[in-house]
Amino acid sequence: MTPQQQLFVDEFLKDLTAGRAAVRAGYAKKSADQQGYKLLQMPEIAAAIREALAKRSERTQIDSDWVLKRLAGEAMADLAEIYADDGSLKPIAEWPLIWRQGLVSGLDVDETLVEGERLGQVTKVKLSDRIKRIELIGKHVDVQAFAERKEIGGIGGGAVKIEDVSVLDKAMLIGLALRKAAEIKNSKD
């Protein structure tokens, strides 16, 4: 592997974006996306990236299992855990760790001054997007619950070949694809 290719590997590991990594590694900006794609197809570069990602995962102890467990814990966290029996919010120090590590996106705090000491009372909790977590779990376990695109396979699960499809079927597939594209476009508008 050349020094520039190694630099590409190092840069790719920063954001996992081939085009940007190619530019940062010194490849031409104009063709960076294509060059990045070509570099990723090279066996020695792909192997170097896989090895580096495995080492990083081992070093940080963060892998797909960790991510899924964390998302599941956050998705199932009970809001009642941050409230006292009388219905008031518990002090933040008494919240379960899962709530203090990202489930809350903001707090409104009323502060009062008592004998020169500032005391704060949380009055409102703004929750982070729990639906996004569920969507990420669905994508991770590949339940296709949130799929934006459906793949159609040919005979034996391979690519659709023209000889696999009759003229009527072709027309129906084209119509289905056009209708689906219109639905997606309308849902974004």
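Here goes a summary of the coordinates provided. A quick note: this is a predicted structure, and the numbers were derived from the prediction, not measured.

All right, on to the overall build of the protein chain then. Along its length, the protein chain carries eight helices and two strands. In the protein chain, the order of α-helices and β-strands from amino to carboxyl end is α-α-α-α-α-α-β-β-α-α. The buried share of the protein chain, reckoned over its 189 residues, is 21%. The contacts in the protein chain between residues at least 6 apart in sequence include a share of 39% that link residues at least 24 apart.

A full pass over the atoms with the stated rule returns six salt bridges. One salt bridge connects Asp 15 with Arg 20, and the closest N-O pair in it is separated by 3.8 Å. Owing to a relative accessible area of 51%, Arg 20 belongs among the exposed residues under this scheme. The partner of Lys 55 in a salt bridge is Glu 51, and the shortest N-O contact between them spans 3.1 Å. In this pair, Lys 55 and Glu 51 both sit in helix H4 (residues 43–60), four residues apart, roughly one turn of the helix. Here the salt bridges share partners, and the residues they tie into one network are Glu 11, Lys 14, Asp 15, Arg 20 and Arg 24.

All of the buried residues along helix H3 (residues 32–41) are Ala 32, Gly 36 and Leu 39. Along H3, the residues classed as buried sweep out an arc of 65° about the axis, all on the same side. Exposed residues pointing more than 90 degrees away from the buried face of H3 are listed as Asp 33, Tyr 37 and Lys 38.

What follows concerns the side chain of Gln 5. Along the chain, Gln 5 turns up in helix H1 (residues 3–15). Among the polar contacts listed, one links the side chain of Gln 5 to the backbone nitrogen of Thr 2, at a separation of 3.0 Å. Excluding its chain neighbours within four sequence positions, the residues that come into contact with Gln 5 are Tyr 27, Leu 39, Met 42 and Ile 45.

This part takes up the packing of H1 against H3. Running from amino to carboxyl end, H1 crosses H3 at an angle of 100°, the nearest separation of the two axes being 11 Å. It follows that H1 is roughly perpendicular to H3 by the angle criterion. Between H1 and H3, the contacting residues are Gln 5, Phe 8 and Phe 12 on the first element and Gly 36, Leu 39 and Leu 40 on the second. Along the lines of polarity and charge, the residues of the contact of H1 with H3 split into four nonpolar, two polar and no charged.

With that settled, consider the environment of Ile 131. By secondary structure assignment, the location of Ile 131 is in helix H7 (residues 130–140). Sequence separation between Ile 131 and Ala 75 is 56 residues; the distance between their C-alpha atoms is 7.9 Å.

In this model H4 runs 26 Å from its N-terminal to its C-terminal C-alpha over 18 residues, within 8% of the 26 Å that 1.5 Å per residue would give. All of the buried residues along H4 are Ile 45, Ala 46, Ala 48 and Ile 49. All buried residues of H4 project into a common sector of 160° when viewed along the axis, lining one side. Residues of H4 that are exposed and angled more than 90 degrees away from the buried face: Pro 43, Arg 50, Lys 55 and Glu 58. Of the surrounding secondary structure, the elements contacted by the buried residues of H4 are H1 and H3. Just downstream of H4 lies Gln 61, where phi reads positive at about 60°.

What counts and what doesn't
Residues numbered from 1 in each chain as written. Predicted model: local features only at pLDDT ≥ 70, side-chain atom pairs only at ≥ 80, totals over all residues. Heavy atoms only, no water. Helix = DSSP H or I, 4+ residues; strand = E, 2+ residues; numbered from the N terminus. Buried < 20%, exposed > 50% of the residue type's maximum accessible area, 1.4 Å probe, protein only. Contact = heavy atoms within 4.5 Å. Salt bridge = Lys/Arg side-chain N within 4 Å of Asp/Glu carboxyl O. Arc of directions from axis to C-beta. Polar contact = N/O pair within 3.5 Å; in protein donor to acceptor, adjacent residues only side chain to side chain. Axes fitted to C-alpha atoms, helices over the stretch in contact; angles between N-to-C directions. Parallel < 35°, antiparallel > 145°, perpendicular 65-115°, else oblique. Nonpolar A, V, L, I, M, F, W, Y, C, P; charged D, E, K, R; others polar. Expected span 1.5 Å × (residues − 1).

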